Amino acid sequence: MTKEASVENIQSAAATFQEEVITGLQERKKRLSPKHFYDAQGAYLFDQITETDDYYLTSAELEILQHHGGDIAEKLGEHCRFIEFGSGSGMKTKYVLDEAYNLHSYVPIDISAPYLSQSIKELKQDYPTLTIEGMCADFTTPISLPESAGHEKKVVFFPGSSFGNFEPMEGELFLKRTAAMLEKGDGLLIGIDLVKNPDILHAAYNDTQGYTAAFNKNILERINREMDADFDLASFEHYAFYQPIEKRIEMHLISQVEQTVQVGPASIPFKEGESIHTENSYKFTVHDFTVLAAKCGFTRDKVWLDTNQHVALLYFER
Ligand code: AVI
């Protein structure tokens, strides 16, 4: 890539970010996309959330991977291309890689190039004989996998309940697109957060250490940092609650006062109590998710739960 081209790319990403932010804030129900949470500070705060006792999702999934790594590896079989969407630090994957012998390759896919190269570097140290084919891409859009000469079995790994951050139509499209990338006999290993007592859900998105609140507010800080904007962070409150009809956690930022915020060229008026809807995090029953996946071309093969039955890891066959 030439220097000019990379500068252009950065400029166009910044322009898209600005356009999306302003469009969302000018809607009658103000909203910002949760994908904008993850700048460096947002990624750091998310990591802190995953370490809190309240946010059970990460530790529960790790427990499943630790206890059932062998069974999971058995599903992959020999000579499998193990493809991870949103691989991040690759920390979870180690539990599977430790048990899986004779993998054809591991294909981590992540939108963040620095994160990806760091994790590949670490994995190469721990698994010197494993073929790693990293891909820097946004897996929520159509992507083509690196070419492979053989016809190895492919298994897509999508952990972390990230599927829950898709809106229902987006989730369905994602599953159909994933199914189209796979062939009969290939697999999908996916983590979902289960419907449960709303008090547990409430605590997970309102952790006592305040990391979730800081994570939510960081989206405004990011807009201030990256655009010419003047959000007064102290005048917005984190508000997260479980909505049982849609089976989702909703995260909002509520303006505590009537105010006007300048965001680039746009003046955005807020009434006292008005919200910016920043995220939905959908929860599923194993049955409902199985029905959805079946509609998109997948047959359920195996379900693993953590001891508290808070989250599920599901294996589907294409
Ligand atoms: C990344 N994703 C699965 C998280 C979730 O639980 O929906 C994001 C998050 N939002 C608030 N806390 C964590």
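Just so it is clear, the structure is predicted and the values come from calculations on it, not from any experiment. Per chain, residue numbering runs from 1 following the sequence as it is written. Residues qualify for local features only when their pLDDT is at least 70, as the model is predicted, and side-chain atom pairs are given and counted only at 80 or more; totals for whole chains, interfaces and linings, by contrast, use all residues. Remark: hydrogens and water are excluded; side-chain values derive from all non-hydrogen atoms of the structure.

J.: Break down the overall build of the protein for me, citing the residues and quoting the values.
T.: Helix and strand definitions follow DSSP, with helices as H or I runs of at least four residues and strands as E runs of at least two, each counted in order from the N terminus. Helix and strand content of the protein: nine helices and 12 strands. In terms of overall size, the protein behaves like a compact globule, its C-alpha atoms giving a radius of gyration of 20 Å where 318 residues would be expected to give roughly 20 Å. Its C-alpha atoms give the protein principal-axis dimensions of about 60 × 55 × 35 Å. Partly exposed residues are those whose accessible area sits between 20% and 50% of the maximum for their type, while under 20% is buried and over 50% is exposed, using a 1.4 Å probe and protein chains only. For the protein, buried positions account for 49% of its 318 residues. Residue contacts are counted whenever heavy atoms from the two residues lie within 4.5 Å of one another. Counting only contacts in the protein whose residues sit at least 6 apart along the sequence, the fraction spanning at least 24 positions is 71%. Only the protein chains shown count as cover for residues, and the accessible areas themselves come from Shrake-Rupley with a 1.4 Å probe. Taken as a whole, the protein presents about 15,700 Å² of accessible surface, with 51% of it coming from carbon and sulfur. Residues counted as positive are Lys and Arg, residues counted as negative are Asp and Glu, and His and the chain ends are not counted. By convention, the point assigned to a charge is CZ for Arg, NZ for Lys, CD for Glu and CG for Asp. Charge separation in the protein, taken as the distance between the mean sites of 29 positive and 49 negative side-chain charges, equals 5 Å. In this description the radius of gyration comes from C-alpha coordinates, and the expected globular size is given by 2.2 Å times residues to the power 0.38.

J.: Can you explain the environment of Gly150? Please cite residues and give values.
T.: By the element assignment, Gly150 lies in the loop between β3 (135-136) and β4 (153-158). In this structure Gly150 comes out as partly exposed when scored by relative accessible area, which is 30%. Remark: the alpha-carbon pair of Gly150 and Thr16, spanning 134 residues in sequence, is separated by 39 Å.

J.: Can you break down the side chain of Lys217 residue by residue, with the values?
T.: With respect to the helices and strands, Lys217 occurs in helix α8 (residues 211-226). A pair is scored as a salt bridge if a Lys or Arg side-chain nitrogen falls within 4 Å of a carboxyl oxygen belonging to Asp or Glu. For Lys217, which is buried and forms no salt bridge, the nearest opposite charge comes from Glu237, at a distance of 4.9 Å. Within the local environment of Lys217, its side chain forms a polar contact with the backbone oxygen of Leu233, the two atoms lying 3.0 Å apart. Here a polar contact is recorded for every N or O atom pair within 3.5 Å, except that within protein the pair must consist of a potential hydrogen donor and a potential acceptor, and residues adjacent in sequence are included only if both atoms are side-chain atoms.

J.: Tell me about the packing of helix α2 (residues 40-51) against α8, and please be specific about residues and values.
T.: Think of each axis as a best-fit line through the C-alpha atoms, taken over the contacting stretch in the case of a helix, with angles from 0 to 180 degrees between the N-to-C directions. For the pair α2 and α8, the least separation of the axes is 9 Å and the interaxial angle reads 180°. Here α8 runs roughly antiparallel to α2, going by the angle between their axes. Where α2 approaches α8, its residues Gln41, Gly42, Leu45, Phe46, Gln48 and Ile49 are matched on the opposing element by Tyr211, Thr212, Ala214, Phe215, Asn218 and Arg225. When the residues that make up the contact of α2 with α8 are grouped by side-chain class, the tally is six nonpolar, five polar and one charged. Any angle that is under 35 degrees is reported as roughly parallel, and any over 145 degrees as roughly antiparallel; angles of 65 to 115 degrees are reported as roughly perpendicular and all others as oblique. Amino acid classes used here: Ala, Val, Leu, Ile, Met, Phe, Trp, Tyr, Cys and Pro are nonpolar; Asp, Glu, Lys and Arg are charged; the rest, including Gly, are polar.

J.: Can you lay out the site of the ligand for me, pointing to particular residues and giving the numbers?
T.: Throughout, near means a residue has at least one heavy atom within 4 Å of the molecule or strand. Lining the immediate environment of the ligand, one finds 14 residues, of which Tyr55, Asn165, Tyr205, Glu279 and Ser281 sit closest. With respect to the ligand, the side chain of Tyr55 contributes an N or O atom lying 2.5 Å from an oxygen atom. Here Ser281 contributes a side-chain N or O atom positioned 2.7 Å from an oxygen atom of the ligand. With the chains in place, 97% of the 340 Å² that the ligand exposes on its own is no longer accessible. In terms of residue class, the shell around the ligand is made up of seven nonpolar, six polar and one charged.

J.: I'd like a rundown of α8, residues and numbers included.
T.: Expected helix span is computed as 1.5 Å times (number of residues minus one). Here α8 contains 16 residues, and its C-alpha end-to-end distance of 22 Å stays within 8% of the 22 Å for a straight helix at 1.5 Å per residue. Of all the bends in α8, the largest measures some 30° and sits at Asn218. All buried positions along α8 are accounted for by Thr212, Phe215, Asn216, Lys217, Asn218, Ile219, Leu220, Arg222 and Ile223. By definition, a residue's bend is the angle between the axes fitted to the seven residues ending there and the seven starting there.

J.: How would you explain the packing of aromatic side chains if you had to name every residue and give the values?
T.: One pair of aromatic rings is described through two measures. These are the centre distance and the angle between the planes. Pairing of aromatic side chains requires ring centres within 6.5 Å, counting the rings of Phe and Tyr and the six-membered ring of Trp. Pairs whose planes differ by under 30 degrees are stacked, by over 60 edge-to-face, and all others tilted. Counted under the stated rule, the structure contains 28 aromatic pairs. Here, a charge over a ring means that NZ of Lys or CZ of Arg falls within 6 Å of the ring centre while also lying within 35 degrees of the ring normal. Across the ring face of Phe270, the terminal group of Lys30 is positioned such that the distance to the ring centre comes to 4.9 Å. Note that Arg222 overlies the ring of Phe17, its terminal NZ or CZ placed 4.4 Å from the centroid.

J.: Describe the pattern of salt bridges, and please don't skip the residues or the numbers.
T.: A full pass over the atoms with the stated rule returns 17 salt bridges. The partner of Arg81 in a salt bridge is Glu133, and the shortest N-O contact between them spans 3.1 Å. Of this pair, Arg81 sits in strand β1 (residues 80-85) while Glu133 sits in the loop between α5 (113-126) and β3; the two residues are 52 residues apart in sequence, bridging distant segments of the chain. Considered together, Arg81 and Glu133 belong to a single accessibility category, that of buried residues. Among the salt bridges present, the one from Lys295 reaches Glu172, with a minimum N-O distance of 3.2 Å. A residue pair is termed long-range when its members are at least 10 positions apart, and Lys295 in helix α9 (residues 286-295) and Glu172 in helix α6 (residues 168-181) qualify at 123 residues. Take Glu172: its relative accessible area is 16%, and that puts it in the buried class. Each member of the salt-bridge network shares a partner with another, and the members are Asp39, Glu221 and Arg225.

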